[in-house]
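Below, each chain spelled out in residue letters.
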Amino acid sequence: MLEHSKTIRDVSRALPALVPADPDFAVPVSAELLDAHTKALRHHYDDIFPVVDRAGHTLAGAIKKLDPGKSPDPDGEGVAALEQTETCFKHRQEQLRHLRDAFVETGASPSHEIFEALDRLDNLYMWIVATMQDVRWDVLIFEGLKAKAASPDERSFTSSAEWLASLPGR
């Protein structure tokens, strides 16, 4: 069980390291520069897609192998790492939007291939965010079901406000 928890934590922590630095726009944008950025964005996508795909399959496999009697994230580090990775890639998506705006502001043709490359990478980052959310919720739901099974009292709520009021620290 601890092995699967470590897998979730380690894969989540590794993914943000795949994000490159933003390009420098201190020089005027030219067709050659746009082509170079397009090539770099495509290369980045091609480099990280297989890694992200394997990471997604690894996380899914770890979730499927969770032991119902044991905590998948006993120290909370896995969920924290998933949240951190999700935040990192959401931030990166925002940076891609700024990059798109910068290319538009500098006069890049709307039909230039740079925009397709940006969209493709944005979709990959969106997929990473969705995967991190899914795995995080799987872990949290798993923890909740485990806690419910261990609870001597079964509780039900008639509204979301009642449920929120029952949470510790509220």
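Please refer to the structure placed before this passage.
Below is a short write-up of the structure.

1. A look at the overall build of the chain
Per the secondary structure count, the chain includes 5 helices and 0 strands. Seen in sequence order, the chain has helices and strands lined up from the N terminus as α-α-α-α-α. Burial analysis of the chain (170 residues in total) assigns 33% to the buried set. Within the chain, counting contacts between residues at least 6 apart in sequence, those at least 24 apart form 87% of the total. If you sum the accessible surface of the chain, you get close to 10400 Å²; carbon and sulfur atoms cover 55% of it.

2. A few points about the environment of lysine 64
Structurally, lysine 64 can be placed in helix H2 (residues 31–64). By relative accessible area, which is 74% here, lysine 64 ends up exposed.

Rules of the game
- Residues numbered from 1 in each chain as written.
- Predicted model: local features only at pLDDT ≥ 70, side-chain atom pairs only at ≥ 80, totals over all residues.
- Heavy atoms only, no water.
- Helix = DSSP H or I, 4+ residues; strand = E, 2+ residues; numbered from the N terminus.
- Buried < 20%, exposed > 50% of the residue type's maximum accessible area, 1.4 Å probe, protein only.
- Contact = heavy atoms within 4.5 Å.
- Areas by Shrake-Rupley, 256 points an atom, 1.4 Å probe, with all protein chains shown as cover.

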